[in-house]
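# Analysis of the macromolecular model
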Amino acid sequence: MKTTSDSPMTKSPLMMGGGKLKWIVAAAAVASLAVGWYMFRPELLFINQKVNEAFPIAAADGSTAELIAMGRFKSLAHETNGAASIHHADGKRVLRLTEFETSNGPDVHVYLVAAADATDNETVTKAGFIDLGSLKGNVGDQNYDIPADVDLDKYKAVTIWCARFSVNFGTAPLNAG
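Let me begin by describing the structure that accompanies this report. (Residues numbered from 1 in each chain as written. Predicted model: local features only at pLDDT ≥ 70, side-chain atom pairs only at ≥ 80, totals over all residues. Heavy atoms only, no water.)

### Some words on the sheet that holds strand E4 (residues 81-89)
Each strand in a sheet pairs with another by means of backbone hydrogen bonds, the pair being arranged parallel or else antiparallel. Quick note on the threshold: Pairs of strands are assigned from DSSP output, requiring at least two bridges between the strands. Note on conventions: DSSP H or I runs of at least 4 residues are helices, E runs of at least 2 residues are strands, and numbering of each starts at the N terminus.
Here six strands make up an open sheet; going across it, the order is E1-E8-E5-E4-E2-E11 and the pairing mixed. Here the strands that pair on one side only, and so sit at the sheet edges, are strand E1 (50-52) and strand E11 (175-176). Looking at chain direction, E4 and strand E5 (residues 92-101) are connected through eight bridges and run antiparallel. Each bridged residue has a counterpart across the sheet, and for Ala-89 the counterpart in E5 is Lys-92.

### Some thoughts on the sheet that holds strand E6 (residues 108-113)
Taken together, five strands build an open sheet; the order of strands is E3-E10-E9-E6-E7 and the sheet is antiparallel. Where the open sheet ends on each side, the last strands, each with one partner, are strand E3 (74-75) and strand E7 (129-134).

### Here we look at the pattern of salt bridges
We count it as follows: A pairing counts as a salt bridge when a side-chain nitrogen of Lys or Arg comes within 4 Å of a carboxyl oxygen of Asp or Glu.
Going through the model one piece at a time under the given rule, you end up with six salt bridges. Between Glu-122 and Lys-126 there is a salt bridge; the shortest N-O distance is 3.1 Å. Residue Glu-122 and its partner Lys-126 are located together in helix H2 (residues 121-127), separated by four residues, close to a single helical turn.

### So, the packing of aromatic side chains
Our working rule: Classification of ring pairs rests on two measures: the distance between centres of Phe, Tyr or Trp rings, Trp counted by its six-membered ring, which must be within 6.5 Å, and the angle between planes, read as stacked under 30 degrees, edge-to-face over 60 and tilted in between. Sitting over a ring, as applied to charges here, requires NZ of Lys or CZ of Arg to be within 6 Å of the ring centre and within 35 degrees of the ring normal.
According to the stated counting rule, one finds three aromatic pairs in the structure shown. The rings of Tyr-111, Phe-129 and Trp-161 are connected pair by pair, giving a single aromatic cluster. Looking at Lys-136, its charged tip hangs above the ring of Tyr-144, at a distance of 4.7 Å from the centre.

### A few points about the pairing of strand E9 (residues 157-162)
Definition in use: Under the scheme applied here, a residue whose accessible area is under 20% of the maximum for its type counts as buried, over 50% as exposed, and between as partly exposed, the area being computed with a 1.4 Å probe on protein chains only.
Across the six residues that make up E9, a large majority, six, are buried. The two faces of E9 match: Ala-157, Thr-159 and Trp-161 on one face and Val-158, Ile-160 and Cys-162 on the other face are all buried. Where E6 lies against E9, six bridges are found, and the strand directions are antiparallel. Each residue of the ladder has a partner; that of Tyr-111, found in E9, is Thr-159. Relative to strand E10 (residues 167-173), E9 runs antiparallel, the two being bridged by six bridges. Of the residues in E10, the one forming a bridge with Thr-159 is Thr-171. The loop that links E9 with its antiparallel partner E10 comprises four residues; one of these, Ser-166, has a positive phi angle of about 55 degrees.

### Brief notes about the environment of Asp-117
Which entries qualify depends on this criterion: We call two residues contacting when some pair of their heavy atoms lies within 4.5 Å.
Positionally, Asp-117 belongs in the loop between E6 and H2. Along the chain, Asp-117 and Thr-159 lie 42 residues apart, while their C-alpha atoms are 9.1 Å from each other. Residues in contact with Asp-117, not counting those within four places in the same chain, are Lys-74, Thr-123, Ala-157, Thr-171 and Pro-173.

Right, here's the structure in full:
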């Protein structure tokens, strides 16, 4: 004899075809993990990308490049250390990071920020910035060309910025050299 609780009409749709539901839940979990891995790239937290670029410019007459500005990094969202300096020779300007070290991460860029200092994320986004390119490595000396039309009287800070999450890893306010 059948009881009312055994009737197909009283079973929840989720209880019926339980095998299918388990596969759907498993597929959704795998897809969520894959998307989470792609967005956060957790393996980058444990891998340092080291670079060691030579100083790229010298004046044509053999003299050293002129130091325009320099500053030291201070940590914000991630531990960030080292120096940032801007040099000029033969019409070319270069931002040089030395003794540089920060956390690795997804989609990290080097910005010149139109502020005297960029102590938070909002300053970077509201003041405006020039993207000098993707960070070449999270450890070591590296160089970034500064476009000729950038007004260095306006852009007074260097920020290491995670574009994927809009996070300021660290910043170096620049002072005249």
